[in-house]
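Listed below are the residues making up each chain.
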Amino acid sequence: MRIGYPCVNETLDCTSTSTFRLASYSDERLELTVANNLACLRRILEWNVAHHLLFFRIGSGVVPFGSHPVNTFPWQTRFAAEFREIGDYIKANDMRVSFHPDQFVVLNSPDAGIVERSIQELVYQGSMLDLMGLDSTHKLQIHVGGLYNDRELAISRFITTYQRLPEAVRARLVIENDDRLFSLQDCLRVHAAVGIPVLFDNFHHECLNHGEPMAEALRLAAATWHPQRDGVMLMDYSSQAPGERKGKHTPTLEDDLFAGFLHDLGNLDVDIMLEIKDKEASAHRACAALRGAGLLPALLAKATT
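Here is a short report on the structure shown in this document. (Residues numbered from 1 in each chain as written. Predicted model: local features only at pLDDT ≥ 70, side-chain atom pairs only at ≥ 80, totals over all residues. Heavy atoms only, no water.)

Read around the closed barrel, the eight strands follow the order β1-β2-β3-β4-β5-β6-β7-β8; overall the barrel is parallel. Adjacent strand axes in the sheet meet at a mean angle of 30° when their direction is disregarded. Contacting β5 (173–176) and β6 (198–201), helix α7 (residues 184–194) runs over the sheet at an angle of about 170° to β6. Strands β1 (3–6) and β8 (270–274) of the sheet are contacted by helix α11 (residues 280–292), whose axis makes an angle of about 165° with β1. (Pairing = 2+ DSSP bridges. Helix = DSSP H or I, 4+ residues; strand = E, 2+ residues; numbered from the N terminus. Axes fitted to C-alpha atoms, helices over the stretch in contact; angles between N-to-C directions. Contact = heavy atoms within 4.5 Å.)

The tally for this structure, following the rule as stated, stands at one disulfide. The disulfide that involves Cys 14 links it to Cys 40, with 2.0 Å between the sulfurs. Looking along the S-S bond of the Cys 14-Cys 40 disulfide, the torsion reads about 80°, which is the right-handed sense. Here the residue Cys 14 occupies a position in the loop between β1 and α1 (27–50), and Cys 40 occupies one in helix α1, the gap between them amounting to 26 residues. (Disulfide = S-S within 2.5 Å.)

To continue, consider the packing of aromatic side chains. Inspection of the entire model under this criterion finds 10 aromatic pairs. Residues Tyr 5 and Phe 56 carry aromatic rings whose centres are separated by 5.3 Å and whose planes lie at 70° to one another, so their mutual orientation is edge-to-face. Separated by 51 residues along the polypeptide, Tyr 5 in strand β1 and Phe 56 in strand β2 (residues 55–57) bring together distant segments of the chain. Relative accessible area serves as the criterion here: at 0%, Tyr 5 is assigned to the buried category. Consider the rings of Trp 75 and Tyr 124, whose centres lie 5.8 Å apart with planes at 85°: the pair is edge-to-face. (Phe/Tyr/Trp six-rings, centres within 6.5 Å; stacked < 30°, edge-to-face > 60°. Buried < 20%, exposed > 50% of the residue type's maximum accessible area, 1.4 Å probe, protein only.)

A separate point is the packing of helix α5 (residues 151–163) against α7. Put simply, α5 and α7 touch, their axes get as near as 11 Å, and they point 40° apart. When the axis of α5 is compared with that of α7, the two are oblique. As α5 packs across α7, the resulting crossing turns out to be right-handed. Facing Arg 151, Glu 152, Ile 155, Phe 158, Ile 159, Tyr 162 and Gln 163 of α5, the residues of α7 in contact are Asp 186, Arg 189, Val 190, Ala 193 and Val 194. Grouping the constituent residues of the contact of α5 with α7 by class yields seven nonpolar, one polar and four charged. (Parallel < 35°, antiparallel > 145°, perpendicular 65-115°, else oblique. Left-handed = near helix turned anticlockwise from the far one by under 90°. Nonpolar A, V, L, I, M, F, W, Y, C, P; charged D, E, K, R; others polar.)

A few words now on the side chain of Asp 178. Assignment of secondary structure puts Asp 178 in the loop between β5 and α7. Summary of buried charges: Asp 178 has no salt-bridge partner, and the nearest side chain of opposite charge, Arg 180, is 5.9 Å away. One polar contact links the side chain of Asp 178 to the main-chain amide nitrogen of Arg 180, over a distance of 2.9 Å. When sequence neighbours within four positions are dropped, the list of residues in contact with Asp 178 reads His 143, His 204 and Leu 208. (Lys, Arg positive; Asp, Glu negative; His and termini not counted. Salt bridge = Lys/Arg side-chain N within 4 Å of Asp/Glu carboxyl O. Polar contact = N/O pair within 3.5 Å; in protein donor to acceptor, adjacent residues only side chain to side chain.)

Everything listed is a geometric property; what it means functionally is a separate question.
As structure tokens, this is what we get:
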């Protein structure tokens, strides 16, 4: 079991997703920005390893305009060695990484242009994992997409688009249940049709479900992951921010709620991404809770004391 947080380390003084305006694009500026982003990504991963946080969501913007036609710079060749070194570091430290493409990636859109741009974005982000030399247990996470007033047609369009994705993308793609449109049951329907794993989000399930208890929902989602091809299930964890609109993530880990979730988790092995605003601070507390529950490997538990 690994604990992680997404994209930004609030302790360090760098970002791995620095960018610039499209109007300011130049090959020189792109090259410098990618170099800085990759250097920061390496720093973040090293910090995470030192603090025993072995799951990390890499920000989508490592390469600015990575899937945009304006970007014709051969960054894959120029930074092949840097990507490979980062991948070797990830493998050497038994880490797991993922990407979560932005909301504009919508595979079931009725707009063919949006679908094509979405596919190109997935190809770009998946290519970074390929350049790192990482296997298919390192994932690209998306939602089913929009409802467009017709659930059946929306699901059908997703399936049709999924089936024409490049195999390198399909091997990494997972779908997440969301909090408003597509529930766990909807995602399970897509899985039954094409075999795509379901990345479970506990908070979204609390917001949108069909009455499945949390413990049951976790196991339904986990059963969609092939143990060798996909690895253990990835999931997102958060809870409701007190006094805020429904669906707003908590600013910090609620210890009692997390302890209750661990009870529902039981002996299920998962890698948990904390979608919580204070990121690595809550990740440390989650590790302590896992250690207290006896859910961390003995070596890791010793190292985090």
